[in-house]
Amino acid sequence: MLSEDEIKYKKLENLKCELFNDNFENFKRYGIPKAQLIIADIPYNIGNNAYASNPMWYKGGEIRNGESKLANSNFFNRDEGFNVINFMKFARKMLIKEPKESGKAPAIIVFCSWQQMPMLEAQAKKEGFNHCFPLFFIKKTSSQVLKANMRIVGATEFAAVFYRDKLPKFNNDGHMVLDHMNWEIDPSYPKVHPTQKPIPVLKKLINLFTDPGDVVIDPTAGSGSTLRAAAELKRNTYGFEVEKAIYEKAKKQMLSHAELSLV
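Quick summary incoming for the structure in this document. Quick caveat, the model's predicted, so the values are computed rather than measured.

Each value, and the rule that gives it
Residues numbered from 1 in each chain as written. Predicted model: local features only at pLDDT ≥ 70, side-chain atom pairs only at ≥ 80, totals over all residues. Heavy atoms only, no water. Buried < 20%, exposed > 50% of the residue type's maximum accessible area, 1.4 Å probe, protein only. Helix = DSSP H or I, 4+ residues; strand = E, 2+ residues; numbered from the N terminus. Pairing = 2+ DSSP bridges. Phe/Tyr/Trp six-rings, centres within 6.5 Å; stacked < 30°, edge-to-face > 60°. Lys NZ or Arg CZ within 6 Å of the ring centre and 35° of its normal. Contact = heavy atoms within 4.5 Å. Axes fitted to C-alpha atoms, helices over the stretch in contact; angles between N-to-C directions. Parallel < 35°, antiparallel > 145°, perpendicular 65-115°, else oblique. Left-handed = near helix turned anticlockwise from the far one by under 90°. 1 Å grid on protein atoms, 1.4 Å probe; cavity = no way out; pocket = protein on both sides within 12 Å on 5 of 7 lines; lining within 4 Å. Points joined across faces, edges and corners; volume = space filled by probe spheres on them. Nonpolar A, V, L, I, M, F, W, Y, C, P; charged D, E, K, R; others polar.

What follows covers the pairing of strand β1 (residues 17–20). Covered by surrounding structure in β1 are C17 and L19 together with E18 and F20, the residues of both alternating faces. Where β1 and strand β8 (residues 236–240) come together, four bridges link them in parallel fashion. Bridge assignment links E18 to a residue of β8, and that residue is Y238.

Applying the stated rule across the entire model yields 15 aromatic pairs. Where Y30 meets F240, the ring centres are 5.8 Å apart and the plane angle is 65°; that geometry is what we call edge-to-face. Of this pair, Y30 sits in the loop between β1 and β2 (37–41) while F240 is found in strand β8, placing the two residues 210 residues apart along the sequence. For F240, a relative accessible area of 1% gives the class buried. Taking 6.4 Å as the distance between ring centres and 80° as the angle between the ring planes, the aromatic pair formed by F111 and W183 counts as edge-to-face. Residue F111 is located in strand β3 (residues 107–112), and its partner W183 is located in the loop between β6 (180–182) and α4 (199–209); the two are separated by 72 residues in the primary sequence. Positioned over the ring face of F111 is K197, at 5.6 Å from the centre of the ring.

What follows concerns the environment of L202. Mapped onto the fold, L202 is located in helix α4. For L202, a relative accessible area of 1% gives the class buried. Along the primary structure L202 and S225 are separated by 23 residues, whereas in three dimensions their C-alpha atoms are 7.9 Å apart. Setting aside anything within four residues of it in sequence, one finds L202 in contact with I39, F111, K197, S225, T226 and A229.

In spatial order, the strands read β1-β8-β7-β2-β3-β5-β4-β6; together these eight strands make up an open sheet with mixed pairing. A strand with exactly one partner marks an edge of an open sheet, and here the two such strands are β1 and β6. Put simply, the sheet's adjacent strands are angled 20° from each other on average, direction ignored.

Direction vectors running N to C along α4 and helix α5 (residues 225–232) enclose 55°, while the axes themselves pass 9 Å from each other. Judged on the interaxial angle alone, α5 and α4 are oblique. Our pair here, α4 against α5, has a crossing hand that is right-handed. Residues I199, L202, K203 and I206 of α4 touch α5, and the partners they reach there are S225, T226, R228, A229, A230 and E232.

Attention now moves to empty space enclosed by the protein. On inspection of all chains with the given rule, the structure shows two cavities of 30 Å³ or more. Size it by volume and the second largest cavity reaches roughly 30 Å³. Surrounding the second largest cavity, M181, N182, E184, P200, V201 and K204 form its lining. If one sorts the elements of the lining of the second largest cavity by residue count, α4 sits on top with three residues. Split by residue class, the lining of the second largest cavity holds three nonpolar, one polar and two charged.

Taken across its five residues, β2 has five buried, putting it largely inside the fold. Of the two faces of β2, the one lined by L37, I39 and D41 and the one lined by I38 and A40 are each fully buried. Taken together, the five bridges between β2 and β3 define a ladder with parallel strand orientation. Paired with I39 across the strands is I109, a residue of β3. Of the pairings in the sheet, the one linking β2 to strand β7 (residues 215–218) comprises two bridges and is parallel in character. The residue of β7 that forms the bridge with I38 is I217.

Take a look at the structure:
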């Protein structure tokens, strides 16, 4: 019988990091294992208003230069067609079962707008995720500079944590973890996508809710930053990105740093 240390070592052998150019709804064809943690940055459904208060709306960031190609555009094509019902069904099917022992349960983390939280909570409960709590991330500045002289501008990001009945695995190392955290950015990582979440933020969440060797899945992988963060923390990680161009950029710029299995 293997010792506890041998079991831990075995979990860290042959770690996987796989990104699929496909919709998460087709997950069955890939035979990936179930996850301890699912992290998703879902579309905020802001449509062609994505850059409305950002200088990028204009050429060179200057109003006098006229509108850029980003004016009246979405961040990406699926912004307005994301299926929350199917996402929550995916999460129900792809999270590990709630274990008998305490402190081992899985969780979902969804980055979203604060307006989406009630809708997400209602849909999550239909799939057995009976509990939810919000997370708030504080930025040093705001990208909404074009409206800074008109109203209070946004300098926060939001996420919600969902779980079934038992509290999720929680590695706080004896320290209190507040529901608001700094939006830490590491510019050494490539910028692949306009809504890309910072790897230091993702690493903090992955460290809190998983152990080395656990499985982390990102069904809306985008830039691949979740996969990069999880791989660097020695977690098995899998992601789906439906848009070919973003998938290729994620492979080349974000995930080519190590020997990773990319499909």
